[in-house]
Amino acid sequence: MHTKNLVSGIQPSGKLHIGNYLGALENFTKLEAGGDYRCFFMVVDLHSLTEPYDPALKGSQVLDTLASFVAAGLDPKKSVIFVQSHVPAHCELAWILNTVAPFGELSRMTQFKDKSARQEETNIGLFTYPVLMAADIVLYDAEAVPVGDDQLQHLEFTRALARKFNHRFGETFKEPEPLLTPTPRVMSLTDPMRKMSKSEPAGCLFLDDEPDEIMAKVMAAVTDSGTGVSYDRDNKPGIANLLGIFSSVSGTSIEDLVKEYGNAKYSVFKKAVAKAVAKKFAGYRKKKAKLVANSEKLVKIAARGAKTANAVANAKLAEIRKKIGLL
Ligand code: AMP
Ligand code: TRP
C-alpha cells in the first residue's frame, strides 16, 4: 500500500515537445515504476481553455495527450489516469479556494503576466489558473508534484494557499513539494535563452517528429559561432542545451559526452544528437500511432481513471465542505 500521493497534469493544447517529456512526462513513468507513490496523472483540459482553441479539435487533443501518457509508458493499472473535467470536484474546490486566494499574489504570477500580454483580451480563467491548479493538487492530498521549473511559482502559490486555508479552517491540506528532473528547463532550438514552448513551434522538437524532421531541426539549432563542444550555459547556451538533451535521451553523462565530442565539429555533434533523439522516441511514436487509431481504448482508460479519481476527490470535497461550514 502506498502511503504518499503524487499528482501532475499536462494541458491538451497541441503536440508534446521534448521539454514536456524531459521536464515532466518521463519522470511520471519513473515515479510510477518507483512504486513509492499512488500516482494521479491527468489531462488538464479545463486549464487549456484559458488560451485560444478550436472546439472542433479539443476532443482529439485530449485523446492525443492520453495517448502520449500511455505511449510514454504510464500504466493505467498502476496509475490513475484521467481527464480533469471528468471530475467536477476540481471546479468546486477551485471556487472555494478562489475565496481564500489573495488577488495580489495572483497578479504577480509570471505565467499570467506573460500569457495575458500575448492575449488581446485577457480572460479571468487565465488569472485564476493557479487556483484551479492548486485544487487539482490538494484535492488528492498530494505530497509530490513532478513538473518543469516553469511551474515552481504555481507550486509555491499552492503551498501558501494550503497553509492559509489550514490556518483559517484547521488542518485540511498537505503542502506539496515539486519534483524536478536534471533537465527542468529545456531551451528553444531557435533561441537558447528562451524556454522551449508550444507557443513557438519552430524551436520545439516534438515527440511525434519523424527522424528527418528531428535531423533538420537539430542541424538548424542556434549555437554560437565558436568551436569545441563544452558545457557552458553562459557562453555556449545552445550547445549546453543540446548536451542536456543528448545526455537525457542517451543516458550518457554530460561529462562523458564532452570527452567524446569535445573536439568534434558542431555538425558532427549535432548529427549525433539528432540520431539519439530519433532513436529514443522510435518506440513511443509507434505505440502512440496505434493508440490514436484505437480511441475506444483511450476512452475506456479515461473512464476507469475518472471513476477512481471521483471517489477520492468527492470524499475530500465532503471533508472540505464540512470544514468551511457548508450545509
Ligand atoms: P504544459 O504543456 O504547459 O501543460 O506543460 C506540461 C509539463 O511540461 C509541465 O510540468 C511543464 O513544467 C513542463 N514543461 C513545459 N515546457 C518545458 C520545458 N521547456 N522544459 C522542461 N519542462 C517543461
Ligand atoms: N499548470 C501546469 C502546466 O501548465 C499543468 C497543471 C495543471 C498541473 N494542474 C496541475 C501540473 C496539477 C501539476 C499538478 O504545465
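Residues numbered from 1 in each chain as written. Chains lettered and ligands numbered in written order. Predicted model: local features only at pLDDT ≥ 70, side-chain atom pairs only at ≥ 80, totals over all residues. Heavy atoms only, no water.

A. Layout of the pairing of strand β1 (residues 4-10). The buried count for β1 comes to five of seven residues, which makes it a mostly enclosed element. Bridge analysis of β1 against strand β2 (residues 37-43) gives seven bridges, and the strand direction is parallel. If you follow G9 over to β2, its bridge partner there is M42. Viewed along the sheet, the connection from β1 through helix α1 (residues 18-34) into β2 turns out right-handed. The sheet contact formed by β1 and strand β4 (residues 142-146) spans two bridges and is parallel. Opposite N5, over in β4, you have A142 as the bridge partner. (Buried < 20%, exposed > 50% of the residue type's maximum accessible area, 1.4 Å probe, protein only. Helix = DSSP H or I, 4+ residues; strand = E, 2+ residues; numbered from the N terminus. Pairing = 2+ DSSP bridges. Right-handed = clockwise from strand over helix to strand, strands pointing away.)

B. Quick peek at the sheet that holds β1. Across the sheet, five strands lie side by side as β3-β2-β1-β4-β5; this open sheet has parallel pairing. Of all strands in the sheet, those with a lone pairing partner are β3 (80-83) and β5 (177-179), marking the two edges. Sheet twist, expressed as the mean angle between neighbouring strand axes with direction ignored, is 25 degrees. Bridge analysis of β4 against β5 gives three bridges, and the strand direction is parallel. (Axes fitted to C-alpha atoms, helices over the stretch in contact; angles between N-to-C directions.)

C. Focus on the domain arrangement of the protein. You can read the domains of the protein as domain 1 (4-184 + 295-324) and domain 2 (208-280). Taking the mean C-alpha position of each, domain 1 and domain 2 sit 32 Å from one another. Contact residues are listed per partner, giving six residues for domain 1 and seven residues for domain 2. Summing the contributions of domain 1 and of domain 2, the shared interface buries around 520 Å²; its carbon and sulfur component is 63%. For the pair domain 1 and domain 2, the number of links is one salt bridge. Note that K280 is salt-bridged to E26, the shortest N-O span being 3.1 Å. The interface formed by domain 1 and domain 2 holds one residue pair in polar contact (both at pLDDT 80 or more) in total. Classifying every residue of the side of domain 1 that touches domain 2 by side-chain character gives three nonpolar, one polar and two charged. (Domains from an automatic or database assignment. Contact = heavy atoms within 4.5 Å. Buried area = accessible area lost by both parts, 1.4 Å probe. Salt bridge = Lys/Arg side-chain N within 4 Å of Asp/Glu carboxyl O. Polar contact = N/O pair within 3.5 Å; in protein donor to acceptor, adjacent residues only side chain to side chain. Nonpolar A, V, L, I, M, F, W, Y, C, P; charged D, E, K, R; others polar.)

D. View of the site of ligand 1. Among the 17 residues in the neighbourhood of ligand 1, the closest are listed as G148, D150, V186, M196 and K198. One of the side-chain nitrogen or oxygen atoms of K198 is found 2.8 Å away from an oxygen atom of ligand 1. When ligand 1 is considered free in solution it has 490 Å² of accessible area, and contact with the protein chains removes 93% of it. Counting residues per element, the shell around ligand 1 draws most heavily on α1, which supplies four residues. Here the shell around ligand 1 is built from residues that sort into six nonpolar, seven polar and four charged. (Near = heavy atom within 4 Å. Areas by Shrake-Rupley, 256 points an atom, 1.4 Å probe, with all protein chains shown as cover.)

E. Inspection of the pattern of salt bridges at higher detail. For the structure shown, the criterion picks out 18 salt bridges. Among the salt bridges present, the one from R159 reaches E156, with a minimum N-O distance of 3.9 Å. A residue pair is termed a helical-turn pair when its members lie 3 or 4 positions apart in one helix, as R159 and E156 do in helix α8 (residues 152-169) at three residues. E156 sits in the partly exposed class, given a relative accessible area of 45%. The partner of K323 in a salt bridge is E319, with the nearest N and O atoms 3.7 Å apart. In this pair, K323 and E319 are both assigned in helix α14 (residues 295-324), four residues apart and thus about one turn of the helix distant. Overall, K323 belongs to the partly exposed group, its relative accessible area being 31%. On the basis of relative accessibility, which here comes to 32%, the residue E319 falls in the partly exposed class. One continuous salt-bridge network, built from bridges that share partners, spans E156, R159, R163, E175 and E177.

F. How the structure looks around unusual backbone geometry. The backbone of D141 sits at a positive phi, close to 50 degrees, despite the residue not being glycine. Mapping D141 onto the fold places it in the loop between α7 (124-138) and β4. Overall, the relative accessible area of 24% leaves D141 in the partly exposed class.

G. Highlighting a positive patch on the surface. Side chains of K77, K286, K287, K290, K297 and R304 sit close together on the surface and give a patch of like positive charge. Counting only elements with at least two residues in the positive patch, the list comes to α13 (282-293) and α14. Looking at the positive patch, the element that brings in the most residues is α13, giving three residues. Within the secondary structure, K297 sits in helix α14. (Patch = residues over 30% accessible without salt bridge, like charges linked within 9 Å, V, L, I, M, F, W, Y side chains within 5 Å. Lys, Arg positive; Asp, Glu negative; His and termini not counted. Charge placed at Lys NZ, Arg CZ, Asp CG, Glu CD.)

H. Here's a closer look at the nonpolar core. In terms of nonpolar packing, the biggest core is built from 59 residues, with I18, L25, F269 and V277 touching the most fellow members. Among the elements that make up this core, the one with the highest residue count is helix α12 (residues 266-280) (eight residues). Formed jointly, this core draws a minimum of three residues from each of two domains, domain 1 (4-184 + 295-324) and domain 2 (208-280). With near-sequence residues (within four places) excluded, F269 lies in contact with V229, I239, L242, L243, F246 and Y261. Within the second largest apolar cluster, 41 residues are counted, among which are M109, L126, V138 and F165. (Core = buried A, V, L, I, M, F, W, Y, C linked by side-chain atoms within 4.5 Å.)

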